[in-house]
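This is what each chain is made of:
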Amino acid sequence: MEQELDRFKLCIIDDIRSVVEMISRKPAWQEHGIEVSGTALDGEEGLRLIRETRPDIVLTDIRMPRMDGLQMTRAILDFLPDCKIIILSAYSEFSYAQEAIRLGALDFVKKPFSLDEIVNVVLKAKELCLQERQKAARLAVMESKIKESMPILRQEYLTFLLHHQTTEADARSRWAYLDIPLAQHDFFVFVAEIDHFAEKLMGQPVQEIELLRFSLHNILEETITAWTRGVIIREDTDRYVCIINGSDPDTAVRITEACCMNVSQFSRNTLSVGMGLGVSSIHELATAYRQALSALGYHFYTGGNGVYNYGDIENKPLALHSYSAAAEQELLFALRSGNSGKSLQVLDQLFAELLDNELLPEPRYVESVGYELSFRICRVMLEQFPYEQVGPLERSIEVMRNRIHPSLQDIRGLLDHLCRAACSLVEEARSVESTRIIQQAKAYIRDHLNTSLSLEQVARQISLSQGYFSNLFKKVQGVSFQQYVMHEKMEKAKTMLIDGLQVQEIALDLGYEHRRYFSEVFKKYTGMTPSEFKLHYLGKD
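Everything numeric in this text was worked out from a predicted model, so none of it was measured.

J.: Give me the lowdown on the nonpolar core, citing residues and values where you can.
T.: Counting residues in hydrophobic clusters, the biggest one holds 41 residues, and the most contacted among them are L335, F351, V366, L373 and M381. Sorting the residues of this core by element identifies α12 (325–336), α13 (340–354), α14 (363–382), α15 (387–401) and α16 (408–447) as the ones contributing at least two each. With 10 residues, the single largest contributor to this core is α16. When near neighbours in sequence (up to four residues on either side) are disregarded, M381 contacts L335, V390, L393, A422 and V426. Judged by nonpolar contacts, the second largest core, of 30 residues, contains V485, M490, V503 and Y512.

Right, dumping it as structure tokens:
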């Protein structure tokens, strides 16, 4: 490229052959990067030569047969406007030379002239040609870069129009300059989001992710092109914004439904689509885009794979319903008591109240309610447990909040998990406390086997009601209080018999006033009388 920029062609035209030969042969033109592409002895032949060789520089006499220099200058500049024309003229022809300069010739040399004068003026013309070539080359590079970047410039400008209002006149001017392939009127905007994108592609190589995005872009493009003109903008990793021409809402809905169907059919993915209302002007695209985003948010209720139209949710208030404070208090009470079943039942009731209407609340409101309840559950648990135990519950909330566009099912799943986990904490703590209480009761029983050991006596000792203590003892120990006391007394009686104590002595030591009653209880427990047990154990049958 550099070599082409530095090579120039020169034509020499004069009706005196010796002048032509001198100028063409004596100077070392090749050393200056100049090639003499031809010579001529009259104007007509010179013009023919110039048309054939298209030189960069022409050196011509002002007065020649058949066609003079002025006529030639006009003719050359008509078809070769960048050609540099240098006029050779005698002093008496100076007015002609001036006219040639006015017509567009670069310079003139007065006769008689020296070769140095000729070389200098030609090199001056060459330098000017070089500058123009370099400028043209730079412009060509710039134009090439602009052409290459035009798709990006279009996308950037359309993205600007989606987020900012502009005047109709400015929009139309930029629209034409960027050659955007859409009519400048009647639009629909819809936002298509790949469902569960982050979860599906977590840990996948960048190439795999880009291949998926490219293939889905192509599916959307081919689907839209089958119906109308459209432009697709990759707004985010998992999101496309589509601007299409059209004025019929029903057709626009069918296009978006076809996009969902084709993506599902030709890939292992599904789309959530939010569609704005139709707009007539370029400067209204920002409004249609905001509407499409609002509609997209309603996939919170469905989990995706479908189309939500802004027309179905237009003018909907932020929150149509709330839940009663009583329901929330009942939920928190169930959690404090560790009643998992009851807490989940109340949670169902609470969401039923929240969503009990044909027009669903704005998704952001329901999502915020879910997070608010989640943090209240954690605060209730912090009233009873140290942060080390409640911390995992809070972290599960943060994980959900970091997810992109969680659904209603996700929020409910989080709350169900928190209720179960909170009740498990309460149950576990209660189990530990119950075990401690029963261990205390058993120690007291072992230390007082010489008394009658009534349920009332032991319950009073550990500061519980008889009924609660009775139920708790059986739940923890697996046997009733009376069965446990009898077991402990009879096992101790066995040991005392083996140690050689008398039955009467053992009965009194275990709180039985009558020997006969003790013997009956012992036989019922072991199947043998105390004497039979002793003889059997010592092997003296």
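J.: Lay out the sheet that holds strand β10 (residues 306–309) with the relevant residues and their values.
T.: Two orientations exist for strands paired in a sheet by backbone hydrogen bonds: parallel and antiparallel. If you walk across this open sheet you meet the 5 strands as β7-β8-β6-β9-β10, and the pairing is mixed. In the strand order of this sheet, the two ends are held by β7 (230–236) and β10, each with one partner. Taken pair by pair, the neighbouring strands of this sheet meet at an average axis angle of 20 degrees, ignoring direction. Looking at chain direction, β7 and strand β8 (residues 239–245) are connected through 6 bridges and run antiparallel.

J.: An account of the pattern of salt bridges is needed here, citing residue identities and associated values.
T.: Taken as a whole and assessed by the stated rule, the structure comprises 22 salt bridges. Note that E210 is salt-bridged to R213, the shortest N-O span being 2.4 Å. Of the two residues, E210 and R213 are both situated in helix α9 (residues 206–225); the distance of 3 residues between them amounts to about one turn of the helix. A relative accessible area of 12% places R213 in the buried class. Between R376 and E328 there is a salt bridge, and its shortest N-O distance comes to 1.9 Å. Of this pair, R376 sits in helix α14 while E328 sits in helix α12, and the two are 48 residues apart along the sequence. With relative accessibility at 25%, the residue R376 sits in the partly exposed group.

J.: Hey, could you go over the packing of helix α19 (residues 481–498) against helix α21 (residues 515–526) for me, with residue numbers and the actual values?
T.: Put simply, α19 and α21 touch, their axes get as near as 11 Å, and they point 100 degrees apart. What the angle tells us is that α19 and α21 run roughly perpendicular. Together, M486, H487, M490, E491, A493, K494 and L497 of α19 and F518, V521, F522, Y525 and T526 of α21 make up the contact between the two elements. Taken together, the residues of the contact of α19 with α21 sort by class into 8 nonpolar, 2 polar and 2 charged.

Rules used throughout
- Residues numbered from 1 in each chain as written.
- Predicted model: local features only at pLDDT ≥ 70, side-chain atom pairs only at ≥ 80, totals over all residues.
- Heavy atoms only, no water.
- Core = buried A, V, L, I, M, F, W, Y, C linked by side-chain atoms within 4.5 Å.
- Buried < 20%, exposed > 50% of the residue type's maximum accessible area, 1.4 Å probe, protein only.
- Helix = DSSP H or I, 4+ residues; strand = E, 2+ residues; numbered from the N terminus.
- Contact = heavy atoms within 4.5 Å.
- Pairing = 2+ DSSP bridges.
- Axes fitted to C-alpha atoms, helices over the stretch in contact; angles between N-to-C directions.
- Salt bridge = Lys/Arg side-chain N within 4 Å of Asp/Glu carboxyl O.
- Parallel < 35°, antiparallel > 145°, perpendicular 65-115°, else oblique.
- Nonpolar A, V, L, I, M, F, W, Y, C, P; charged D, E, K, R; others polar.

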